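Single-letter residue listing:
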Amino acid sequence: LLEFARPAEAEKTAVNLVDVFDRALEMTRAQLEKSGINIVQEFQEVPRVFVDARQTQQILLKLILNSAQAMPQGGTLRMVLAMENGEVRAIIADTGCGIPPEHLEHIFDPFFTLQPGGTGLGLSMAHSLMEENAIRYEVESCLGGGTTFRLYFPLWKAE
């Protein structure tokens, strides 16, 4: 709760997102595969971004684990890194149960959860860390058809 209430100030540096995504997947791969989740990686080489690597990894872990919870019978987790309109875009998409439209605007609210036994803090913490790192996001969800998070990262500019 303390981490949520007062997330540490971001220590932003030039970060290679492919490395951060690879580490997050390495930490979750066994759990995902055990749950019957197929991982599809589409990583292009992208320029370095200006974020806190540890906090960005936390965001990814929370999104990956949230996707896994939405696919208890298995499915596909698709992760994409690419350039789009001069910025780095990441996609984390699942083929899970989706989020009902009336709940979509509340997914980042503290203590809001659709998961039995969930705390409702994972996505709320991810949202706080995205704001701390100036990461823009979009969320789309289709009930019964999965959820897609698109994250847009600030580019690192060498001085």
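Now for a quick tour of the structure. (Residues numbered from 1 in each chain as written. Predicted model: local features only at pLDDT ≥ 70, side-chain atom pairs only at ≥ 80, totals over all residues. Heavy atoms only, no water.)

A look at the overall build of the protein
1) Next: Within the protein, the regular secondary structure consists of five helices and seven strands.
2) Next: For the protein, the succession of helices and strands along the chain, N to C, is α-β-α-β-β-α-β-β-α-α-β-β.
3) Next: Put simply, the protein has 159 residues, and 43% of those count as buried.
4) Next: Counted over contacts in the protein with a minimum sequence separation of 6, partners at least 24 positions apart contribute 72%.
5) Next: Accessible surface, the protein: about 8,500 Å² in total, of which carbon and sulfur atoms supply 50%. (Helix = DSSP H or I, 4+ residues; strand = E, 2+ residues; numbered from the N terminus. Buried < 20%, exposed > 50% of the residue type's maximum accessible area, 1.4 Å probe, protein only. Contact = heavy atoms within 4.5 Å. Areas by Shrake-Rupley, 256 points an atom, 1.4 Å probe, with all protein chains shown as cover.)

A closer look at the pairing of strand E6 (residues 136-142)
1) Next: In the sheet, E6 pairs with strand E7 (residues 146-153) via seven bridges, with the strands oriented antiparallel. When the sheet's bridge partners are listed, Arg 136 is paired in E7 with Tyr 152.
2) Next: Linking two consecutive strands that pair antiparallel, namely E6 and E7, is a turn of three residues; a positive phi of about 80° is found at Gly 144 within it. (Pairing = 2+ DSSP bridges.)

Some points on the side chain of His 127
1) Next: Position of His 127 among the secondary structure elements: in helix H5 (residues 122-132).
2) Next: Looking at His 127, its side chain comes within polar contact range of the side chain of Tyr 137, at 3.0 Å.
3) Next: Leaving out residues up to four positions away in the same chain, His 127 has contacts with Phe 108 and Tyr 137. (Polar contact = N/O pair within 3.5 Å; in protein donor to acceptor, adjacent residues only side chain to side chain.)

Structural notes on the packing of aromatic side chains
1) Next: Counted under the stated rule, the structure contains one aromatic pair.
2) Next: Between Phe 21 and Phe 43 the ring centres are 5.4 Å apart and the planes differ by 80°, which places this aromatic pair in the edge-to-face class. Here the residue Phe 21 occupies a position in helix H2 (residues 17-34), and Phe 43 occupies one in strand E2 (residues 37-43), the gap between them amounting to 22 residues.
3) Next: Taking relative accessible area as the criterion, Phe 21 reaches 0% and is therefore assigned buried.
4) Next: Using a relative accessible area of 22% as the deciding quantity, one classes Phe 43 as partly exposed.
5) Next: Lying across the ring of Tyr 152, Arg 136 places its NZ or CZ 4.6 Å from the centre. (Phe/Tyr/Trp six-rings, centres within 6.5 Å; stacked < 30°, edge-to-face > 60°. Lys NZ or Arg CZ within 6 Å of the ring centre and 35° of its normal.)

As for the pattern of salt bridges
1) Next: Per the counting criterion, the structure on display carries four salt bridges.
2) Next: Among the salt bridges present, the one from Glu 84 reaches Arg 89, with a minimum N-O distance of 2.3 Å.
3) Next: The partly exposed category is assigned to Glu 84, whose relative accessible area is 23%.
4) Next: According to the relative accessible area criterion, Arg 89 is buried, its value standing at 15%. (Salt bridge = Lys/Arg side-chain N within 4 Å of Asp/Glu carboxyl O.)

Coordinates in, geometry out; function isn't part of it.
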